[in-house]
Amino acid sequence: MKRITIAITVLTVIGISLIWKPKWNKENVNATISFDVSGYYIYLPAVFIYHDLSKVEFKQDIHEKYNNSSHPYQTFTHTNGNEIAKYSSGWAIQMTPFFLMGHGVALITNYPADGYSEPYQAAIHWGSLIIGLLGFLLAWKNLRYWFSERISSIVLLLLLFGTNYLNYITMDAAMPHNLIFFHYSLLIYLSRKFYENPRFKWAILIGVSVGLCALTRPTEIIAGLIPVFFGIGFIGFKAWKNILRENGLKVLSAIIVCILIGAIQFLYWKSIGGEWFIYSYEADQGFDWGNAQIWRGLFSYKKGWLVYTPLMILSILGIPFLWIKNRSVSIFIFLFLLLTIYIAFSWKCWWYGGSLGQRVMVPSYALLIFSIAALLDFIRSKNWFFKIPFIAITGFFVYHNLWVHLSMQHTGILFSDEVTPAYFKSIYLKNTVPDDLVKLLDTDEYCNTKRKDIEVHLKEDFENFPKEECLGGTLGENNSYCITAFEMIKPVISIKADNINDKQWLRAGATFGSTNAVWNIWRGASMDVGFYCQGKEIKRRSLRMVRYIKHWEEKELYLDVGIPKEDFDNIRIYFYTKSPESPVRVDDFYIESFNEKK
């Protein structure tokens, strides 16, 4: 069973990386070294190739050449004029051997030895896969200490195919969460070794692992709780106390090694920025400890952990069954899970940007697989009356997870960080989605029936509007309105609500054209339709037309808004954008009201 499990895992990881979703041979934002990975990575070319850790002058040239992120946010300019890396250095330190391999290949081939060409991409990607597979193997060893080979195999296959761990051991293996999962699994393994046979080498390795976790992502300092408290589960509370008391020097050595590794980041800040501590994230990024978004982090359709990865519900249900098997481990895992959830969703950007599910929870899976295993062990001893529904539910969770992966990484119908409840419910378990349904990403209303009682209230061709320069000219040969500025305050069009209150729906539409599509949807051009009563806003809905129009494309789009039951006296149309460098042209605008045809 062990060989089959490992073979399936290896074949899956390599198959996805070579055939289904290779990133190591891709360019631009689809490359391995892109977005956040390029931020963790930037230390390596700065030190080994450009010898420029303080100014990082190569950053802009690399961004223009490889276009590996929306903008070069990997560093920011400190008050002393030097560039400070946004992310800490632990990831780069651990990936140095793979970087040097890629650099060596680039030097002896025709690839540019600039730190970002294909040899570097491949080296980082395949190095990350190796680390991921080592973490998987360690997780196997840890499970086998308390559970049978069959249970351990089933749990790890569920982890692989039933959670977003699949994404972070394959397509996004270069993200630090795969690396931290490896360290969590390693710490569990080292803890057992230390408590069974207290030796300096185990203590020092524990210190190294915890130090690298914290140096990779500072919040991962909580990894230090694993070797401290997981040991109770291996040898019992009384023996645990005796070992810690009798081996104080070994424990101290682990702490010192951990501190020395963590000091690397402080030395970097002091040498480059002149301060011992520098907060390297943007002003709006940080923790809000008094306003943790726990409910949204767990259950939101936007990125809720248990919505996108429902199989991990089994890990929560399994904690009482783990209590039966090992009380101290179950208590520790339960408390560690609570602490992880609180820290994770206290971050102001609780959905963690563009990622598949809640990537911040992936390292904790190294612990949560124990409670899943305990639940499976309990179900195994029951009759088929219990087994059949459990297998059916678990199978559905796996199917759900695979659909999430396919929808985000292949069909593209599921978006990483902007899903609404209405959109999620409309596309759930589907493989294709009509373009018109994408509107539900911006509004919770959608009219999918035929229309009747259609009444036109306004047609505007903008010929009487002031002539305005717009990149690419006008739509057709006539004048058109150009969305070039952030105009949320001033409505472009306003009409009275005569003969509209008695209808069900309002449709606002036009022909839109773009010459320079916007990468960031939230900065692109939008149209808002608002209902007002004596100046007070009653209802407002949006259409982000940049979701639909590409470079040099013209398209007719419309937004349907349910007419509110409250009294309103006028309707206002707003056009605005946060990207004046990417204007959108509007022509042949109209407003209609109608009823649904049953």
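All residue numbers here refer to positions counted from 1 along the written sequence of the relevant chain. Where local features are concerned, this predicted model is filtered to residues with pLDDT of at least 70; where side-chain atom pairs are given and counted, the filter is 80 or more; whole-chain, interface and lining totals use all residues. Heavy atoms throughout the structure, all of them, feed into the side-chain values; hydrogens and water do not.

Would you explain a positive patch on the surface in this entry?
In this analysis, a patch consists of residues with relative accessible area above 30% that form no salt bridge, clustered at 9 Å for like charges and at 5 Å for the nonpolar side chains Val, Leu, Ile, Met, Phe, Trp and Tyr. All accessibility values rest on the Shrake-Rupley procedure with a 1.4 Å probe; residue burial counts only the protein chains present in the view. By definition here, a salt bridge exists when the distance from a side-chain nitrogen of Lys or Arg to a carboxyl oxygen of Asp or Glu is within 4 Å. As used throughout, the charge tally considers Lys and Arg to be positive and Asp and Glu to be negative, leaving His and the chain termini uncounted. We put the charge of a Lys on NZ, of an Arg on CZ, of an Asp on CG and of a Glu on CD. A cluster of basic residues, Lys2, Arg3, Lys141 and Arg144, forms a positive patch at the surface. Numbering of helices and strands runs from the N terminus; a helix is a DSSP stretch of H or I covering at least four residues, while a strand is a stretch of E covering at least two. Broken down by secondary-structure element, the contributors of at least two residues to the positive patch are helix H1 (2-20) and helix H6 (118-144). When you line up the elements, Lys2 lands in helix H1. Per-residue accessibility, obtained with a 1.4 Å probe over protein chains only, is compared with the maximum for each type, and a residue is labelled buried under 20%, exposed over 50%, and partly exposed between these values. A residue is classified by how much of its surface remains accessible, and Lys2, at 32% relative accessible area, is partly exposed.

Even after reading the chapter, I still don't get the packing of helix H11 (residues 225-235) against helix H18 (residues 327-344), so can you show me in this structure?
What describes two packed helices is the angle between their axes and the distance between those same axes. To obtain each axis, a line is fitted to C-alpha atoms, and for helices this fit is confined to the stretch in contact; angles are then taken between N-to-C directions over 0 to 180 degrees. Where H11 meets H18, the axes come as close as 7 Å, and the angle between the chain directions of the two elements is 155°. In terms of axis orientation, H11 runs roughly antiparallel to H18. Within the contact between the two elements, H11 uses Leu225, Ile226, Phe229, Phe230, Ile232 and Gly233 and H18 uses Ser328, Val329, Phe332, Ile333, Phe336 and Leu339. Grouping the constituent residues of the contact of H11 with H18 by class yields ten nonpolar, two polar and no charged. Any angle that falls under 35 degrees is termed roughly parallel, while one over 145 is termed roughly antiparallel, one within 65 to 115 roughly perpendicular, and all others oblique. Any two residues whose heavy atoms approach within 4.5 Å at even a single point are treated as in contact. For this classification, Asp, Glu, Lys and Arg are treated as charged, while Ala, Val, Leu, Ile, Met, Phe, Trp, Tyr, Cys and Pro are nonpolar and the rest, including Gly, are polar.

Quick question: what am I supposed to make of H18 here?
Within an α-helix, residues lying three or four positions from one another point in the same direction, as the helix has 3.6 residues per turn. An ideal rise of 1.5 Å per residue puts 26 Å on 18 residues; H18 measures up with 26 Å between its terminal C-alpha atoms. Those residues of H18 that fall on the buried side of the exposure criterion are Val329, Ser330, Phe332, Ile333, Phe336, Leu337, Thr340, Ile341, Ile343 and Ala344. Taken end-on, H18 shows its buried residues confined to a sector of 160°, consistent with a single buried face. Every helix has an expected span of 1.5 Å times one less than the residues it contains. The reported arc concerns the directions from the helix axis to the C-beta atoms and nothing else.

In this structure, what is going on with the sheet that holds strand S8 (residues 536-543)? I would like to understand it.
Backbone-to-backbone hydrogen bonds join strands into a sheet, with any given pair of strands oriented parallel or antiparallel. Being paired, for any two strands, means DSSP has found at least two bridges between them. The sheet built from four strands is open, its strands ordered S5-S10-S7-S8 with antiparallel pairing. Bordering the open sheet on either side are strand S5 (493-496) and S8, each of which pairs with just one other strand. Across the sheet, the mean angle separating the axes of adjacent strands is 20° when strand polarity is ignored. Bridge analysis of strand S7 (residues 526-533) against S8 gives seven bridges, and the strand direction is antiparallel. Residue pairing across strands places Asp528 opposite Ser542, the latter belonging to S8.

So what exactly am I meant to see when it comes to the nonpolar core here?
Grouped burial of nonpolar side chains is what soluble globular proteins tend to show. Core analysis: the largest hydrophobic core is formed by 171 residues, its most contacted members being Phe230 and Phe589. Apart from residues no more than four positions distant in its own chain, Phe589 is found in contact with Leu458, Lys459, Glu460, Phe462, Ile493, Ala508, Gly509, Ala510, Met527, Ile573 and Phe575. Only buried residues count toward a nonpolar core. Its members are Ala, Val, Leu, Ile, Met, Phe, Trp, Tyr and Cys residues joined through side-chain atoms within 4.5 Å.

Quick question: what am I supposed to make of a nonpolar patch on the surface here?
A surface patch of nonpolar side chains, about 750 Å² in accessible area, is lined by Phe200, Ile204, Leu249, Leu252, Ile255, Ile256, Ile259 and Leu260. Within the residue set of the nonpolar patch, elements represented by two or more residues are helix H10 (200-216) and helix H13 (248-273). Relative to the helices and strands, Phe200 resides in helix H10.

For this particular structure, what's the right way to read the environment of Gly231?
Assignment of secondary structure puts Gly231 in helix H11. Gly231 sits in the buried class, given a relative accessible area of 0%. Spatially, the C-alpha atoms of Gly231 and Ser381 are 28 Å apart, while their sequence positions differ by 150 residues.

Would you explain the confidence of the model for the chain in this entry?
Detailed reading of the predicted coordinates is not advisable wherever pLDDT is low. A residue's pLDDT is the predictor's confidence in that residue, given on a scale from 0 to 100. Summing up the model confidence of the chain, the mean pLDDT is 91 and the portion of residues at 70 or higher is 96%. Residue range residues 471-476 is modelled with pLDDT below 50. Its contacts to residues more than four positions away, or to other chains, number 20 contacts.

I would appreciate a short explanation of unusual backbone geometry in the present structure.
Most peptide bonds take the trans configuration, and most residues that are not glycine carry a negative phi. Not every positive phi belongs to a glycine, and Tyr352 is a case in point at roughly 55°. Here Tyr352 is to be found in the loop between H18 and helix H19 (365-380). Positive phi values are uncommon outside glycine, yet Asp453 reaches one of about 55°. With respect to the helices and strands, Asp453 occurs in strand S3 (residues 450-460). The exposure class assigned to Asp453 is partly exposed, which follows from its relative accessible area of 43%.

Sorry, what's going on with the pattern of salt bridges here?
Side chains that carry opposite charge are capable of pairing whenever their charged atoms lie near each other. For the structure shown, the criterion picks out 21 salt bridges. Between Lys65 and Asp114 there is a salt bridge, and its shortest N-O distance comes to 3.1 Å. On the criterion of sequence distance, the pair formed by Lys65 in helix H4 (residues 58-66) and Asp114 in the loop between helix H5 (90-108) and H6 is long-range, its members being 49 residues apart. Asp377 is the salt-bridge partner of Arg380, the closest N and O atoms lying 3.1 Å from each other. Of this pair, Arg380 and Asp377 are both found in helix H19, three residues apart, which corresponds to roughly one turn of the helix. Using a relative accessible area of 47% as the deciding quantity, one classes Arg380 as partly exposed.

Help me out: how do you make sense of the packing of aromatic side chains in this one?
The description of an aromatic ring pair rests on the distance of the ring centres and on the angle between the ring planes. Pairing of aromatic rings covers Phe, Tyr and Trp, the last through its six-membered ring, and needs centres within 6.5 Å; plane angles under 30 degrees mean stacked, over 60 mean edge-to-face, and all others mean tilted. Enumeration over the complete set of coordinates arrives at 49 aromatic pairs. A ring pair is formed by Tyr40 and Tyr87, whose centres lie 4.4 Å apart and whose planes are at 10°; its orientation type is stacked. Linking Tyr40 in helix H2 (residues 35-41) with Tyr87 in the loop between strand S2 (83-85) and H5, this pair joins segments that are 47 residues apart in sequence. When the ring centre of Tyr574 is taken as origin, the NZ or CZ atom of Arg540, which lies over that ring, is 4.1 Å away. Two conditions define a charge sitting above a ring: the NZ of Lys or the CZ of Arg must be within 6 Å of the ring centre, and it must be within 35 degrees of the ring normal. Positioned above the aromatic ring of Tyr532, the side-chain terminus of Arg572 is 4.2 Å from the ring centre.

Quick question: what am I supposed to make of the environment of Arg359 here?
Inspection of the secondary structure puts Arg359 in the loop between H18 and H19. Judged by relative accessible area, which is 10%, Arg359 ranks as buried. Along the chain, Arg359 and Asp288 lie 71 residues apart, while their C-alpha atoms are 19 Å from each other. With residues up to four places along the chain from it excluded, the contact list for Arg359 reads Asp36, Asn164, Tyr168, Met175, His177, Tyr352 and Gly354. Side-chain polar atoms of Arg359 contact the side chain of Asp36, separated by 3.3 Å. What qualifies as a polar contact is a pair of N or O atoms within 3.5 Å, subject to a donor-acceptor requirement within protein and to the restriction that residues adjacent in sequence count only when both atoms come from side chains.

Explanation requested: the pairing of S7 in the structure shown.
Consecutive residues of a regular strand have side chains that alternate between opposite faces of the sheet. Taking burial as the measure, the eight residues of S7 include seven buried ones, the bulk of the element. Here S7 pairs with strand S10 (residues 570-576) via seven bridges, running antiparallel. Its bridge partner being in S10, Gly530 is matched across the sheet by Arg572.

Looking at this structure, how should I read the environment of Ile316?
Relative to the assigned elements, Ile316 resides in helix H16 (residues 313-317). Judged by its relative accessible area of 35%, Ile316 is partly exposed. Spatially, the C-alpha atoms of Ile316 and Leu375 are 9.5 Å apart, while their sequence positions differ by 59 residues. Every residue in contact with Ile316, bar those within four places of it in the chain, is listed here: Leu306 and Leu337.

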